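Per-entry structural report
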Amino acid sequence: MYDEYESKMKKTVEVLQSAFTTVRTGRANAAVIEPIKVDYYNTPTPINQIAGISTPDPRTLMIMPWDAGSLKLIEKAILSSDLGINPANDGRVIRLQFPQPTEESRRDLIKQIYKQAEESKVAIRNIRRDAVEKAKAQKKTGEITEDDLAITEKDLQKLTDKYVAEIDKVTQAKEKEIKEI
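Please read these numbers as outputs of a predicted model, since none were measured by experiment. (Residues numbered from 1 in each chain as written. Predicted model: local features only at pLDDT ≥ 70, side-chain atom pairs only at ≥ 80, totals over all residues. Heavy atoms only, no water.)

1. Some thoughts on the overall build of the protein
Looking only at helices and strands, one finds four helices and six strands in the protein. Tracing the protein from N to C terminus, the helices and strands come up as α-β-β-β-β-α-β-β-α-α. The C-alpha radius of gyration of the protein comes to 22 Å, more than 25% above the 16 Å expected for a compact globule of 181 residues. Here the protein holds 181 residues, and the buried ones make up 38% of them. For the protein, restricting intrachain contacts to residue pairs at least 6 apart in sequence, the fraction spanning at least 24 positions comes to 64%. (Helix = DSSP H or I, 4+ residues; strand = E, 2+ residues; numbered from the N terminus. Rg over C-alpha atoms; globule rule 2.2 N^0.38 Å. Buried < 20%, exposed > 50% of the residue type's maximum accessible area, 1.4 Å probe, protein only. Contact = heavy atoms within 4.5 Å.)

2. Some thoughts on the side chain of S70
Here S70 lies in the loop between β4 (60-65) and α2 (71-80). Exposure remark for S70: the relative accessible area of 0% places this residue in the buried category. Not counting chain neighbours up to four residues away, the residues in contact with S70 comprise Y40, I50 and P65.

3. Quick notes on the side chain of T152
When you line up the elements, T152 lands in helix α4 (residues 146-180). From its side chain, T152 meets the backbone oxygen of D148 in a polar contact 2.7 Å long. (Polar contact = N/O pair within 3.5 Å; in protein donor to acceptor, adjacent residues only side chain to side chain.)

4. Focus: the pairing of β4
In terms of burial, β4 is a largely internal element, five of the six residues being buried. Between strand β3 (residues 51-57) and β4, which pair antiparallel one after the other, the connecting turn spans two residues. Where β4 and strand β6 (residues 94-97) come together, four bridges link them in antiparallel fashion. Its bridge partner lying in β6, M62 is registered against R95. (Pairing = 2+ DSSP bridges.)

5. A word on the sheet that holds β6
Spatially, four strands are ordered β3-β4-β6-β5 in an open sheet, and the strand pairing comes out antiparallel. Looking at strand neighbours, the two that pair on one side only are β3 and β5 (88-89), the edges of this open sheet. Sheet analysis places β5 next to β6, joined by two bridges and oriented antiparallel. Of the residues in β6, the one forming a bridge with A88 is R95. Of the strands in this sheet, β3, β4, β5 and β6 touch α2, which is tilted by about 25 degrees from β6. (Axes fitted to C-alpha atoms, helices over the stretch in contact; angles between N-to-C directions.)

6. A look at the environment of I124
Topologically, I124 is positioned in helix α3 (residues 103-140). For I124, a relative accessible area of 0% translates into the label buried. Between the C-alpha atoms of I124 and L159, which are 35 residues apart in sequence, the distance is 9.4 Å. Contacts of I124, omitting those with residues within four sequence positions, involve M9, T12, V13, T160, Y163, V164 and I167.

7. Points about the nonpolar core
Membership of the largest hydrophobic core comes to 21 residues, with the highest contact counts inside it found for M9, V13, I124, Y163 and I167. Of all elements in the fold, only α1 (3-21), α3 and α4 reach the threshold of two or more residues within this core. In this structure I167 touches V13, L16, A117, S120, K121 and I124, once residues within four positions along its chain are discounted. In terms of nonpolar packing, the next biggest core, distinct from the first, is built from 20 residues, Y40, L83, I85 and I94 among them. (Core = buried A, V, L, I, M, F, W, Y, C linked by side-chain atoms within 4.5 Å.)

8. As for the pattern of salt bridges
If you walk through the whole model with that rule in mind, you get 14 salt bridges. A salt bridge links K162 to E6; the nearest nitrogen and oxygen atoms lie 3.1 Å apart. Note that K162 is positioned in helix α4 and E6 in helix α1, a separation of 156 residues in sequence. K162 gets classed as partly exposed once you look at its relative accessible area, which sits at 47%. Since its relative accessible area comes to 24%, E6 is described here as partly exposed. The salt bridge partner of D90 is R95, with a shortest N-O separation of 3.2 Å. Salt bridges linked by common partners bring R129, D130 and E133 together as one network. (Salt bridge = Lys/Arg side-chain N within 4 Å of Asp/Glu carboxyl O.)

What follows is the structure in structure tokens.
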């Protein structure tokens, strides 16, 4: 019975971890440009599907389009995104230079990850609430007893606590990574 809810909670943690990879920490990371879509032949296309992406050094991301005609389109997509980095286009490749974060930008990043973490915790609690409501409906129809309901609520709370703790662990690891740069 709990497998469905546990998989939803696990998925919530995975989504948070995925979101954390797109947080710009000062190190070049191709994940920060994954959400950016290029209007390539009137089709929104991820950059990694029309260009090679490499990191020649820890603070530089290099984008080399396979079709030279898409260079300007990629540059335009990056400029119109909320990435906050101006691309350097030399006619063959685009370079993104990631600046060293300031103390203020680190604090902002930490606030951002804690906000995302809190949203994930709310999602986990909503999963628990839905499960408890379903169990209460089953009790009302006589499918389960009062004792079964109490056990179910207790087990769901343990599951919730486990995944909230997992979110805290992931968030603290990301915070440590941000503070070390």
